[in-house]
Amino acid sequence: MTGQLQIDRLSLVFRTRHGAVRALEDVSLSIERGEILGVVGESGSGKSVLAYAVIGLQDPAAEVLGGRILFGGLDMLAASEQARADVRGRELAMIFQSPRTALNPIRKVGRQIEDILRQHANVSSGELRRHAINALARVRIPDPERRYHAYPFELSGGMCQRVMIAMALACSPFLLIADEPTTGLDVTTQAVIMDLIRDLSRSARMSTLLITHDLGLAGEYCDRIAVMHAGHVVEVASVEKLLDHPAHPYTQQLLGATPTPQSTIEGLTAIPGQLPDLRHDLPACRFSARCARRVAACEERPLPWVSIGPDHLVRCQVPL
Amino acid sequence: MSFVWRRLLGTVPSLIGVVVVTFLLSHALPGDPAAYFAGPAANATSIAQIRAKLGLDRSLPVQFLQYIVDLVHGNLGNSLTTGQPVLTDLIQRLPASIELTFFALAFAVVIAIPMGVWAATRPDSLADHFCRATVSVAAAFPTFFVGLLLVYVFYFLLGVAPEPVGRLNEILYTPPARVTGMYTVDSLISGDWQTFLASLAQLVLPAISLGLFALAPIARITRASMLQALGSDFTRTARAGGLPRSKILVTYAFRNALLPVSNVLGMVFSFLLGSNVLIEQVYGWQGIGAYAVTAVLASDYAAVQGFVLMMAVLYVLLNLLVDLLGTMIDPRVRFES
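Here the structure is a predicted model, which is why all the values come from computation and not from measurement.

Reading the values: the criteria
Residues numbered from 1 in each chain as written. Chains lettered and ligands numbered in written order. Predicted model: local features only at pLDDT ≥ 70, side-chain atom pairs only at ≥ 80, totals over all residues. Heavy atoms only, no water. Helix = DSSP H or I, 4+ residues; strand = E, 2+ residues; numbered from the N terminus. Buried < 20%, exposed > 50% of the residue type's maximum accessible area, 1.4 Å probe, protein only. Contact = heavy atoms within 4.5 Å. Lys, Arg positive; Asp, Glu negative; His and termini not counted. Charge placed at Lys NZ, Arg CZ, Asp CG, Glu CD. Phe/Tyr/Trp six-rings, centres within 6.5 Å; stacked < 30°, edge-to-face > 60°. Lys NZ or Arg CZ within 6 Å of the ring centre and 35° of its normal. Pairing = 2+ DSSP bridges. Buried area = accessible area lost by both parts, 1.4 Å probe. Salt bridge = Lys/Arg side-chain N within 4 Å of Asp/Glu carboxyl O. Axes fitted to C-alpha atoms, helices over the stretch in contact; angles between N-to-C directions. Disulfide = S-S within 2.5 Å. Expected span 1.5 Å × (residues − 1). Bend = angle between axes of the 7 residues up to and from the residue. Parallel < 35°, antiparallel > 145°, perpendicular 65-115°, else oblique. Left-handed = near helix turned anticlockwise from the far one by under 90°. Nonpolar A, V, L, I, M, F, W, Y, C, P; charged D, E, K, R; others polar.

**Quick look at the overall build of chain A**
Right, so step 1: Looking only at helices and strands, chain A has 11 helices and 12 strands in total.
Right, so step 2: Considered along the principal axes of its C-alpha atoms, chain A spans approximately 70 × 50 × 40 Å.
Right, so step 3: Within chain A, the proportion of its 320 residues that are buried is 53%.
Right, so step 4: Looking at chain A alone, contacts between residues at least 24 apart form 66% of all its contacts between residues at least 6 apart.
Right, so step 5: Across chain A, the mean location of the 34 positive side-chain charges is 4 Å away from that of the 35 negative side-chain charges.

Below you can see the structure in the form of structure tokens.
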């Protein structure tokens, strides 16, 4: 299967003063054309590191130990910086959390969209402005001609995120990476923004990689979900299978900790323990220390991929 | 526009404070101006007469009121040493100092800002440490020492610099017709290239000696604010959008770094204006610094008061200018007040 984006056995460490942090190990994922893939996990599980590695904006201290990232036909890790910069913004776009600080505070938002268009789109300078206003209109910003002249501080957080999306989609990319796009927005705005992302990706057959810690949100908007824990992808499945029949103990506990409209505060359970320190020697299964189902086989390397059903993979010796 | 008026109005309290302090300070100066003015042959009666004539025998509050009335009429008093109105003296000499300070600042900006940007793009590299060490050493030497050293090396030993006789060697050149009072500007206005080059040559060494000191603050603030801008979320967005490096560096990072830099430039400019006092002595520059030194040594109240007052007013105006510049750089500033 050749997807829009294919990540093969990606391993990445951060070289720090206090030792190497093994942030990603053997991560494999793929996204089909037009698909929305959610990557969920608690803070520090490596979701954002994965996203930044895909777009090639990882921290200077990060070092890729092995694996491949194939985007379209391009090997992102082997490609030159020039080739990657050419893809960024045009075929591969990204939006971030805290949209207000993600926009240049002293540049009109319309001009910021134009910057992207001028770089990638084959648009004459006379047409730039019309295209930028169109991009604003596409993300349903009311009165886009006026908003073109607005500075980020004159807009609400939700409006800023729409501008970010307008920027990201200005060149109709094949893949959108959304890194916690609705964190810090109120629930109503969150729904509006997520609906917008879903509609736009459906209508343009654009793939979306949604990074979130909110399993409920991912369940509502994604086609498939990958669950990450301590730098491992522990389970990948379609939304229905993952939510109804989680196979990895961590996924199950994550579901138990996710509030739903039906759940009460007593009904929620916390996941015991915390993420292991990624600088130390780690067991084959990085969840084993927190796991009630641990058996002797959990120490054996390599950690297997177990196929539970079609399109349902889990990395566990004793899946549920 | 109302923003300008508000800022102007805000300067009034500081100006009042300045007037009070200059008045009190100059009366705290040691020495008796009446005795100085009367000359060495005077006796007690003639000194008392002169004191009465200058109004120095009256109480401090009365003298202060008189001072305010004079100020309102644009009368800063007469200088005891030059015999001219202080205002005339200051207006005549200020352009020389402004010109020198401006060139010093230009020198510092041209060196320090690229240095700061360069260092910020390679933090903790050898280049970064080199920049930091250079500007620190430049700031560590006293200004007058650097001035003397430069004269010794470039005029006395190498002979590449002109004789340090002030703004223009008047044996060889005639000063240009006065328009702004700045020789480089005036000679350009009158189209006299030779005088322009000659006055520019005279400016080089004093401007460098003065400007060396300003390298450190400008380079440091540029580096720090560039580092912050380069590490910010919007720079990351620009990179994620695949914008070219030059665009990210200039349009996104540097413009955002300009606001703190312009604030520091304003401070550095007024500081340099004050440091003129030393450099003008070394280079025989006929500016307000040299004027102030002479006035202090001669217990010339009116001249000292006038000098301090003018510096304070300049400082306030300069701050206003920096604020206005800030609103041009950053749209948010306009909405803050």
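**Comments concerning the packing of aromatic side chains**
Right, so step 1: If you walk through the whole model with that rule in mind, you get 10 aromatic pairs over all chains.
Right, so step 2: Each ring, one from Tyr250 of chain A and one from Phe287 of chain A, has its centre 5.2 Å from the other, and the planes form 65°; the classification is edge-to-face. Here Tyr250 of chain A, found in helix α11 (residues 249-256), pairs with Phe287 of chain A, found in the loop between α11 and β11 (306-309); they are 37 residues apart in sequence, far enough to count as distant.
Right, so step 3: Residue classification places Tyr250 of chain A among the buried residues on the basis of a relative accessible area of 0%.
Right, so step 4: Accessibility expressed as a relative area gives 2% for Phe287 of chain A, which makes it buried.
Right, so step 5: Pairing Phe213 of chain B with Phe271 of chain B gives two aromatic rings, centres 5.6 Å apart and planes at 15°, and the pair type is stacked. Of the two residues, Phe213 of chain B is situated in helix α9 (residues 193-230) and Phe271 of chain B in helix α11 (residues 245-283); the sequence distance between them amounts to 58 residues.
Right, so step 6: The side chain of Arg129 of chain A reaches across the aromatic face of Tyr148 of chain A, ending 4.9 Å from its centre.
Right, so step 7: Between the NZ or CZ atom of Arg167 of chain B and the centre of the ring of Tyr183 of chain B, over which it lies, the distance is 3.8 Å.

**Section: the pairing of strand β2 (residues 19-31) of chain A**
Right, so step 1: Pairing of strand β1 (residues 5-16) of chain A with β2 of chain A involves nine bridges; the strand directions are antiparallel. The residue bridging Leu12 of chain A from the neighbouring strand is Leu24 of chain A, located in β2 of chain A.

**Some thoughts on the interface of chain A and chain B**
Right, so step 1: If you look at the interface, chain A gives 29 residues, while chain B gives 20 residues.
Right, so step 2: Between chain A and chain B lies a buried interface of about 2000 Å² when both sides are counted; carbon and sulfur atoms form 59% of it.
Right, so step 3: The three residues of chain A that bury the most area against chain B are Leu57, Ile106 and Phe153 of chain A, which together make up 27% of that side's buried surface.
Right, so step 4: For the pair chain A and chain B, the interface holds one salt bridge.
Right, so step 5: A salt bridge links Asp115 of chain A to Lys247 of chain B, with the shortest nitrogen-to-oxygen separation between them at 3.2 Å.

**Considering the sheet that holds strand β12 (residues 312-314) of chain A**
Residues and elements named next belong to chain A.
Right, so step 1: Read across the open sheet, the eight strands follow the order β6-β7-β8-β3-β9-β10-β12-β11; overall the sheet is mixed. Strand pairing shows two members of the sheet lacking a second neighbour, β6 (92-95) and β11, which therefore form its edges. The sheet shows a mean angle of 20° between the axes of neighbouring strands, taken without regard to direction.
Right, so step 2: Both strand β10 (residues 232-238) and β12 contribute to a ladder of two bridges, which runs antiparallel. Its bridge partner being in β12, Glu235 is matched across the sheet by Val314.
Right, so step 3: Of the strands in this sheet, β3 (36-40), β9 (224-229) and β10 are in contact with α11, which crosses β9 at around 100°.

**Quick notes on the state of the cysteines**
Residues and elements named next belong to chain A.
Right, so step 1: The final tally for this structure, using the stated rule, is zero disulfides over all chains.
Right, so step 2: As a non-bridged cysteine, Cys298 has Cys285 as the owner of its nearest cysteine sulfur, 5.8 Å distant.
Right, so step 3: Assessed through its relative accessible area of 7%, Cys298 is described here as buried.

**A closer look at the sheet that holds β2 of chain A**
Residues and elements named next belong to chain A.
Right, so step 1: Spatial ordering of the open sheet is given by β2-β1-β4-β5, a layout of four strands whose pairing is antiparallel. For this open sheet the edge positions go to β2 and β5 (74-75), each flanked by a neighbour on one side alone.
Right, so step 2: As paired elements, strand β4 (residues 62-71) and β5 share two bridges and run antiparallel to each other. From the neighbouring strand, Phe71 faces β5, where its bridge partner is Leu74.
Right, so step 3: Contacting β1, β2 and β4, helix α1 (residues 47-55) runs over the sheet at an angle of about 110° to β1.

**Overview of the side chain of Thr22 of chain B**
Residues and elements named next belong to chain B.
Right, so step 1: With respect to the secondary-structure elements, Thr22 resides in helix α1 (residues 2-27).
Right, so step 2: Thr22 sits in the buried class, given a relative accessible area of 3%.
Right, so step 3: Apart from residues no more than four positions distant in its own chain, Thr22 is found in contact with Tyr67, Gln305, Val308 and Leu309.

**A few points about unusual backbone geometry**
Residue and element names in this part refer to chain A.
Right, so step 1: Looking along the chain, the bond that leaves Arg301 and enters Pro302 is cis, with omega of -5°.
Right, so step 2: The phi dihedral of Asp143 is positive, around 55°, even though this residue is not glycine.
Right, so step 3: Mapping Asp143 onto the fold places it in the loop between α5 (128-138) and α6 (144-147).
Right, so step 4: By relative accessible area, Asp143 is classed as partly exposed at 38%.
Right, so step 5: In this model, Arg205 sits at a positive phi of 50°, which is unusual for a non-glycine residue.

**Focus on the pattern of salt bridges**
Right, so step 1: Evaluation of the coordinates by the stated rule reveals 27 salt bridges over all chains.
Right, so step 2: Measuring nitrogen to oxygen at the nearest pair gives 3.4 Å for the salt bridge that ties Asp195 of chain A to Arg198 of chain A. Taken together, the positions of Asp195 of chain A and Arg198 of chain A, both in helix α8 (residues 187-204) and three residues apart, correspond to about one turn of that helix.
Right, so step 3: We classify Asp195 of chain A as partly exposed; its relative accessible area is 29%.
Right, so step 4: Salt bridges linked by common partners bring Arg107, Arg111, Glu114, Asp115 and Arg118 of chain A together with Lys247 of chain B together as one network.

**Observations regarding α1 of chain B**
Structural remark: α-helix, 3.6 residues per turn; residues separated by three or four positions point the same way.
All names here are of chain B.
Right, so step 1: The end-to-end C-alpha separation of α1 is 39 Å, in line with the 38 Å expected for 26 residues at 1.5 Å each.
Right, so step 2: Taken as a whole, α1 carries its principal kink of about 30° at Pro13.
Right, so step 3: For α1, the set of buried residues is Phe3, Val4, Thr11, Val18, Val19, Thr22, Phe23 and Ser26.

**Some words on the pairing of β10 of chain A**
Residue and element names in this part refer to chain A.
Right, so step 1: By the criterion of burial, β10 is predominantly enclosed, with seven of the seven residues buried.
Right, so step 2: Sheet topology note: the β9/β10 ladder contains six bridges and is antiparallel. Bridging across to β10, His229 finds its partner in His232.
Right, so step 3: Turn length for the β9-β10 hairpin, with the two strands adjacent in sequence and antiparallel, is two residues, and the turn residue Ala230 shows positive phi of about 50°.

**Regarding the packing of helix α7 (residues 143-157) of chain B against α11 of chain B**
A packed helix pair is summarised by two numbers, namely the angle formed by the two axes and the spacing between the axes.
Residues and elements named next belong to chain B.
Right, so step 1: Close contact between α7 and α11 brings their axes to 9 Å; oriented N to C, the two are set at 25°. One element, α7, and the other, α11, form an angle in the roughly parallel class. α11 is crossed by α7, and the crossing has right-handed handedness. For the pair formed by α7 and α11, the contact residues are Thr143, Phe144, Gly147, Leu148, Leu150 and Val151 on the first element and Leu278, Ile279, Val282 and Tyr283 on the second.
Right, so step 2: Looking at the contact of α7 with α11 residue by residue, the class counts come to eight nonpolar, two polar and no charged.

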